Amino acid sequence: MFSLTQRSLRFFTFTLFMAVLALSGCQTAPQKGLTPAQIAVLKQQGFELTEEGWAFGLSGKVLFGSDVDHLNAQSTEIVERIGKALRGVGIERVRVDGHTDGSGKEAYNEQLSLRRAKSVGAVLTSIGLREENIQLRGLGSSEPVASNTTTVGRTENRRVSIVVIAD
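Residues numbered from 1 in each chain as written. Predicted model: local features only at pLDDT ≥ 70, side-chain atom pairs only at ≥ 80, totals over all residues. Heavy atoms only, no water.

Under the annotation held in an unreviewed UniProt entry, the chain carries the name OmpA-like domain-containing protein and is attributed to Pseudomonas frederiksbergensis. In its Subcellular location (unreviewed entry) section, UniProt records this for the chain: "Cell outer membrane". (UniProt positions renumbered as here; feature names shortened; annotations may be inferred.)

Caption draft 1: Spatial organisation of the pairing of strand β5 (residues 160-164). Of all the five residues making up β5, five are buried; the element is thus mostly covered by neighbouring parts of the structure. As judged from the four bridges shared by strand β2 (residues 53-57) and β5, these two strands associate in the antiparallel manner. In the sheet register, Gly-57 faces β5, and the bridge partner there is Ser-161. The pairing of strand β3 (residues 94-98) with β5 spans four bridges and is classified as antiparallel. Each residue of the ladder has a partner; that of Asp-97, found in β5, is Ser-161. (Buried < 20%, exposed > 50% of the residue type's maximum accessible area, 1.4 Å probe, protein only. Helix = DSSP H or I, 4+ residues; strand = E, 2+ residues; numbered from the N terminus. Pairing = 2+ DSSP bridges.)

Caption draft 2: Spotlight on the nonpolar core. In terms of nonpolar packing, the biggest core is built from 24 residues, with Phe-47, Val-94 and Val-164 touching the most fellow members. Counting residues per element, the ones that place at least two in this core are β2, α3 (73-88), β3, α4 (106-126) and β5. The residues contacting Phe-47, other than those within four sequence positions of it, are Leu-42, Trp-54, Ala-55, Phe-56, Ile-82, Leu-86, Ile-162 and Val-164. (Core = buried A, V, L, I, M, F, W, Y, C linked by side-chain atoms within 4.5 Å. Contact = heavy atoms within 4.5 Å.)

As structure tokens, then:
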């Protein structure tokens with residue numbers, strides 16, 4: 001037979017185990033993805049949901065001249081506004097994809113598109129996003145949004161996209 005202390009110890013252990021089990025079932029998992037408030041701000045700023053996340057395509061808004069990798073004053077203001085809006089709702093991580101038109105050699109276009117992404121990243125850093133939270137990609141002419149056979153199409157392809165990935 002069990003002694004009184006052994007029964008008490010088993011009862012205490014069983015009770016403690018059940019309490020821990022019950023408490024662990026009450027915990028909520030940390031939220032994944034974006035909050036409704038963050039999504040509302042993304043939509044307000046002009047981001048659209050894509051397969052890769054919420055993307056703000058700067059085509060038509062922030063365009064680069066042929067062989068140009070720096071932002072003009074108007075484009076800088078747009079990027080600053082977007083960056084401040086993202087920070088305002090706690091979005092601290094973004095990806096910046098630079099693009100070029102189909103003119104020139106692809107190796108050069110990849111470097112040019114990366115410099116374009118860096119110019120946007122520098123603006124985002126200047127308004128408070130941490131550099132290590134900004135992923136930069138130079139995609140060259142690999143993802144055109146318009147035909148490279150026309151002047152208008154080439155102009156649209158010289159762009160940068162800011163992507164917020166919900167993780």
